[in-house]
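Examining the three-dimensional arrangement
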Amino acid sequence: MPLYEVIFYVTSHLRPEQSIPILKRQANIVFNNRGVIRRLSNLGIFPLAYPISKDSQRHHKARQIVMLFDAPPNCVDSLVNSLNKESSIFRYHIEKQNDPFRHTNDRLYYESGLAQDDPRYFEELQNEKKRKTKDIEKF
C-alpha cells in the first residue's frame with residue numbers, strides 16, 4: 001500500500017478536544033479501507049500567510065494537523081469526499097510519499113528537532129543512510 005500524508009487546516013477557534021471527533025471520522029475512513037495510520041500530529045495553531053475564506057468566514061489562523069497513513073488508492077477518494085463535507089476543515093493537502101528515507105527525515109525533524117538547514121541534520125542523515133546500507137549488505 002502506498003504511503004500518504006494529509007495536512008488539515010482546522011479552524012483555530014476549536015479547542016483540541018473539539019477537534020478529536022473530526023479526526024476520528026477521518027481515521028475511520030482509513031481504517032474502513034484497510035489502511036494503517038502511522039502518525040497523527042497536532043502541530044498547533046499558526047498564523048496563515050494570507051487570509052483564507054470558506055463558508056463566508058475569513059480565517060487568519062489555523063490549527064495544523066498532519067496524518068501519515070498507508071492505504072489503498074481508493075481510500076484517498078473517500079477521504080477527499082469526507083474532507084470536503086467537513087465544515088471545520090477549510091484547507092487540506094494530500095500527498096503520496098515516495099522517499100524511502102521519509103521516516104528518517106521525520107524522525108530527525110520531529111524527534112531530534114533538527115531542521116533541514118541545520119548542519120547536524122545532514123551529518124545525521126548521512127550516518128542513518130550508512131547504517132541502512134550496512135544492514136542491507138548483511139543480507
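Residues numbered from 1 in each chain as written. Predicted model: local features only at pLDDT ≥ 70, side-chain atom pairs only at ≥ 80, totals over all residues. Heavy atoms only, no water.

A short note on the overall build of the protein chain
Helices and strands together make up the secondary structure of the protein chain, namely four helices and four strands. Taking all 139 residues of the protein chain together, 38% fall into the buried category. The long-range share in the protein chain, meaning contacts at least 24 apart out of those at least 6 apart in sequence, stands at 71%. If you sum the accessible surface of the protein chain, you get close to 9,000 Å²; carbon and sulfur atoms cover 51% of it. (Helix = DSSP H or I, 4+ residues; strand = E, 2+ residues; numbered from the N terminus. Buried < 20%, exposed > 50% of the residue type's maximum accessible area, 1.4 Å probe, protein only. Contact = heavy atoms within 4.5 Å. Areas by Shrake-Rupley, 256 points an atom, 1.4 Å probe, with all protein chains shown as cover.)

Considerations on the environment of Leu3
Checked against the element boundaries, Leu3 lands in strand β1 (residues 3-11). Contacts of Leu3, omitting those with residues within four sequence positions, involve Arg38, Leu68, Phe69, Asp70, Glu95, Lys96 and Gln97.

Here we look at the sheet that holds strand β3 (residues 57-70)
By definition, the strands of a sheet pair up through backbone hydrogen bonds, in either a parallel or an antiparallel sense. Pairing is antiparallel in the open sheet, where four strands are placed in the order β2-β3-β1-β4. This sheet does not close on itself; its edge strands, each paired only once, are β2 (36-54) and β4 (89-97). Sheet twist, expressed as the mean angle between neighbouring strand axes with direction ignored, is 20°. The pairing of β1 with β3 spans nine bridges and is antiparallel. Looking at the pairing, Glu5 lines up with Leu68 of β3. Across the face of the sheet, helix α2 (residues 73-85) comes into contact with β1, β2, β3 and β4 while running at roughly 170° to β4. (Pairing = 2+ DSSP bridges. Axes fitted to C-alpha atoms, helices over the stretch in contact; angles between N-to-C directions.)

All we've got here are geometric facts, nothing functional implied.
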